[in-house]
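Residue-level listing of the chains:
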Amino acid sequence: MDILYNKEGVPLMMNSTFFFADTVADKKTTDERRRVLFPYDDTRRGYIYVGDERVVTWGNDNRFPWEAVKTVRDTTVLNTGLHFLRNLTLGQGIFACRVKGYDDKGDEILEPIDDPKVQSFVSSRQVRRYMEKVLRDYLKVGCGAVQFVPNAAGNVVVGLNALNCLHYRFTEPDSNGNQKCVVSGTWDISPTDYDILPLLNDYDPSSQAEVLRFLGRLNKGFVYAVRDSWSNEDIYGEPIWWPAYVAGWVDIAHMVPSFLKKAYKNQTTWKWHVQIPYSYWDKKFPVSAYKSQKERSAAINKYMDEIEKNLLGPDNAEKPIFTNYAVNEMNGRVEEEWKIMPLSNKYNAGQENLVTSAAANSEILFALMVNPNVLGAGMPGGTYAGNQGGSNIREAFLVNIANAWIDRQNILDPLSLFIKLNGLPDCDLRFRNTILTTLDTGAGTTHKLS
């Protein structure tokens, strides 16, 4: 506590060392936000050279994957929403089958594949690991990639290695539209240790892979990129949550809890008005009891720090303070009475910020096309309160599964190519889903194939 004394050493004014104030964030413009992903504009890009290859930088300073992963990790609702989409898209895994026909409702009639090699492959850890990691990057940064790993002879593809988005970059397309993938662990600087692999084109990756194998150019394999093409960004793609970041909702989701944490921690600094008579100090700390004015001031400071700690902080909520006082019979002065009066605090921004935080969470989930009520994020009494309830949650969940079709096909394409390259029986791949049902069906869930 900071205390101002007069020349006789009597405290005149005290200033608490605990404080509570609004936090102010440096606002970026929309264009500056977009440049985190696209450093210049839609027609100019950044490049670096790795060996003889001209590599397209991924965002400002080639650091977009790091920044995106950090943003997702540090934003609760964004991290949870993307995790939910990852789990929902993967469902309960995949199985191999053939489509025999269609029933009266237009649903597929599926026939399981009983080939042990196919069954072993689709249920393997290799496939599960590939889907989980590629879909992770697909959702977090808008682009995933998998390396098709050849055998020692370089003539057969034997494995799938999901690449971490932090470790790869793509080259600029040449005149024929061909690209390469450069893999390195040192993208914070110009790489000196790296591998350069062919990158399959989007038009007909299957034919290109067959050509590479026929020409004996597998070497270390090749890379299949899994992109979300909605942004029209051909090189790296754009994550689904990016518009919520550009609009500022992610920043709001960060600032509100930081603001409220400071408010709740120090809210009592606004609550009390402590009135102390000047004569109190002469009685409690007589000048004659101290060798110097500096020693007396130090004693008063220590005493007031203890009083302040007793009034403030979450550990002392609703804690009482007891004082005794008497009236000096000689001069009639009140020397020991303290008056601790509650202040009328008109500040109610805490409640308003909770509403703002809920709105930011909803906007981020809307960007992910996730109904907030599915995750229990509905705002009672708010704009979307009418969408709560079991039936609406089930319908929203079914809509999410229906919308997952294109993402599922994107991550299944490399698996279909692997099956083809290894001469396994021709088959279709489908996902298993657990579907929420109403209680009157006699069960809480049912299983569907898609």
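Residues numbered from 1 in each chain as written. Predicted model: local features only at pLDDT ≥ 70, side-chain atom pairs only at ≥ 80, totals over all residues. Heavy atoms only, no water.

**Q** Would you mind going over the overall build of the protein with me for this structure?
**A** A tally of regular secondary structure across the protein gives 13 helices and 16 strands. Going through the 450 residues of the protein one by one, you find that 39% of them count as buried. Summarising the internal contacts of the protein: among those between residues at least 6 apart in sequence, 63% fall at separations of at least 24. Looking at the protein as shown, the accessible area adds up to about 25,600 Å², and 51% of this sits on carbon and sulfur atoms. (Helix = DSSP H or I, 4+ residues; strand = E, 2+ residues; numbered from the N terminus. Buried < 20%, exposed > 50% of the residue type's maximum accessible area, 1.4 Å probe, protein only. Contact = heavy atoms within 4.5 Å. Areas by Shrake-Rupley, 256 points an atom, 1.4 Å probe, with all protein chains shown as cover.)

**Q** For this particular structure, what's the right way to read the nonpolar core?
**A** What tends to happen in soluble globular proteins is that the nonpolar side chains get buried as a cluster. Ranked by size, the top nonpolar core spans 81 residues in total, and within it Phe148, Phe170, Phe222 and Leu415 carry the most contacts. Residues in contact with Phe222, not counting those within four places in the same chain, are Val146, Gln147, Phe148, Val157, Pro198, Leu200, Ala209, Leu212, Leu417 and Leu421. Of all hydrophobic cores here, the second largest spans 11 residues; its members include Ile300, Met304, Leu311 and Trp338. (Core = buried A, V, L, I, M, F, W, Y, C linked by side-chain atoms within 4.5 Å.)

**Q** Would you mind showing me how to read helix α6 (residues 205-214) here?
**A** Note that an α-helix has 3.6 residues per turn; residues three or four places apart therefore point the same way. For α6, the set of buried residues is Pro205, Ser206, Gln208, Ala209 and Leu212. Burial along α6 is one-sided: seen end-on, the buried residues are contained in an arc of 165 degrees. Next to the buried residues of α6 lie β11 (194-199), β12 (222-227) and α13 (405-421). Positive phi shows up at Gly216, right after α6, with a value of about 70 degrees. (Arc of directions from axis to C-beta.)

**Q** Help me understand a nonpolar patch on the surface in this model?
**A** Judged by side-chain polarity, Val211, Phe214 and Leu215 come together as a nonpolar surface patch covering roughly 340 Å² of accessible area. Mapped onto the elements, Val211 comes out in helix α6. (Patch = residues over 30% accessible without salt bridge, like charges linked within 9 Å, V, L, I, M, F, W, Y side chains within 5 Å. Salt bridge = Lys/Arg side-chain N within 4 Å of Asp/Glu carboxyl O.)

**Q** What's the story with the side chain of Asp137 in this structure? I'm lost.
**A** Relative to the assigned elements, Asp137 resides in helix α5 (residues 125-140). One polar contact links Asp137 to Arg136, side chain to side chain, over a distance of 3.0 Å. Ignoring any residue separated from it by four or fewer positions in sequence, one finds Asp137 in contact with Gly142, Cys143, Gly144, Leu163, Asn164 and Cys165. (Polar contact = N/O pair within 3.5 Å; in protein donor to acceptor, adjacent residues only side chain to side chain.)

**Q** I keep staring at the pairing of strand β8 (residues 157-163) and nothing clicks. Help me out?
**A** By the criterion of burial, β8 is predominantly enclosed, with five of the seven residues buried. Across six bridges, strand β7 (residues 143-150) lies against β8 in antiparallel orientation. Bridge pairing links Ala145 to Leu163 in β8. (Pairing = 2+ DSSP bridges.)

**Q** Would you take a moment to explain the pattern of salt bridges for this structure?
**A** When charged atoms on two side chains of opposite charge get close, those side chains can pair. Scanning all chains against the criterion turns up 12 salt bridges. One salt bridge in this structure joins Glu53 and Lys180, with 3.1 Å as the shortest N-O distance. A residue pair is termed long-range when its members are at least 10 positions apart, and Glu53 in strand β4 (residues 53-56) and Lys180 in strand β10 (residues 179-184) qualify at 127 residues. Judged by relative accessible area, Glu53 falls into the buried class, the value being 18%. Asp137 serves as the salt-bridge partner of Arg136, at 3.0 Å between the closest nitrogen and oxygen. Sharing partners across several salt bridges, the network here consists of Lys70, Arg73 and Asp74.

**Q** Before we go on, may I ask you to explain α5 in this structure?
**A** Look at α5: 22 Å from first C-alpha to last across 16 residues, which is about the 22 Å you get at 1.5 Å a residue. Where α5 is concerned, the buried positions are Val127, Tyr130, Met131, Val134, Leu135, Asp137, Tyr138 and Leu139. Positive phi shows up at Gly142, right after α5, with a value of about 90 degrees. (Expected span 1.5 Å × (residues − 1).)

**Q** Could you clarify how one ought to interpret the environment of Ile340 in this entry?
**A** Secondary-structure assignment places Ile340 in strand β14 (residues 339-342). A relative accessible area of 23% means that Ile340 is categorised as partly exposed. Separated by 64 residues in sequence, Ile340 and Ile276 have C-alpha atoms that sit 8.8 Å apart.

**Q** Just to check I follow, could you spell out the confidence of the model for the protein for this structure?
**A** For any part of a model where pLDDT is low, the fine detail of the predicted coordinates should not be relied upon. The pLDDT averaged across the protein works out to 81; a share of 75% of its residues lies at or above 70. Counting contacts from residues 380-384, a segment whose pLDDT is below 50, to residues more than four positions away or on other chains yields six contacts. (pLDDT = per-residue confidence, 0-100.)

**Q** Just to check I follow, could you spell out the pairing of β10 for this structure?
**A** Two faces, one strand: in a regular strand the side chains alternate between the faces of the sheet. Bridge analysis of strand β9 (residues 168-170) against β10 gives three bridges, and the strand direction is antiparallel. Note on β10: the bridge partner recorded for Arg169 is Val182. Pairing between β10 and β11: six bridges, direction antiparallel. The residue of β11 that forms the bridge with Gln179 is Leu199.

**Q** Any chance you could explain the side chain of Gln208 here in plain terms?
**A** The residue Gln208 is located in helix α6 in this model. Assessed through its relative accessible area of 17%, Gln208 is described here as buried. Among the polar contacts made by the side chain of Gln208, one reaches the main-chain amide nitrogen of Asn201 at a distance of 2.7 Å. Leave out the neighbours within four places in its chain, and Gln208 touches Asn178, Leu199, Leu200 and Asn201.

**Q** How do you make sense of the packing of helix α3 (residues 76-90) against α5 when you look at a structure like this?
**A** A pair of packed helices is captured by two measures, namely the crossing angle of their axes and the spacing between those axes. Contact geometry of α3 with α5 gives a least axis separation of 10 Å together with a crossing angle of 135 degrees. One element, α3, and the other, α5, form an angle in the oblique class. Classified by chirality, the crossing of α5 by α3 is right-handed. Here Leu82, Leu85, Arg86, Thr89 and Leu90 of α3 lie close against α5, whose contacting residues are Met131, Glu132, Leu135, Arg136, Leu139 and Lys140. (Axes fitted to C-alpha atoms, helices over the stretch in contact; angles between N-to-C directions. Parallel < 35°, antiparallel > 145°, perpendicular 65-115°, else oblique. Left-handed = near helix turned anticlockwise from the far one by under 90°.)

**Q** When you look at the packing of aromatic side chains in this model, what are you seeing that I'm missing?
**A** Aromatic ring pairs: the centre-centre distance and the angle between the two ring planes describe each pair. The final tally for this structure, using the stated rule, is 17 aromatic pairs. An angle of 85 degrees between the planes, with centres 5.2 Å apart, marks the rings of Tyr280 and Trp281 as edge-to-face. For Tyr280, a relative accessible area of 6% translates into the label buried. The ring of Tyr47 has Arg54 lying over it, and the distance from NZ or CZ to the ring centre is 3.7 Å. (Phe/Tyr/Trp six-rings, centres within 6.5 Å; stacked < 30°, edge-to-face > 60°. Lys NZ or Arg CZ within 6 Å of the ring centre and 35° of its normal.)

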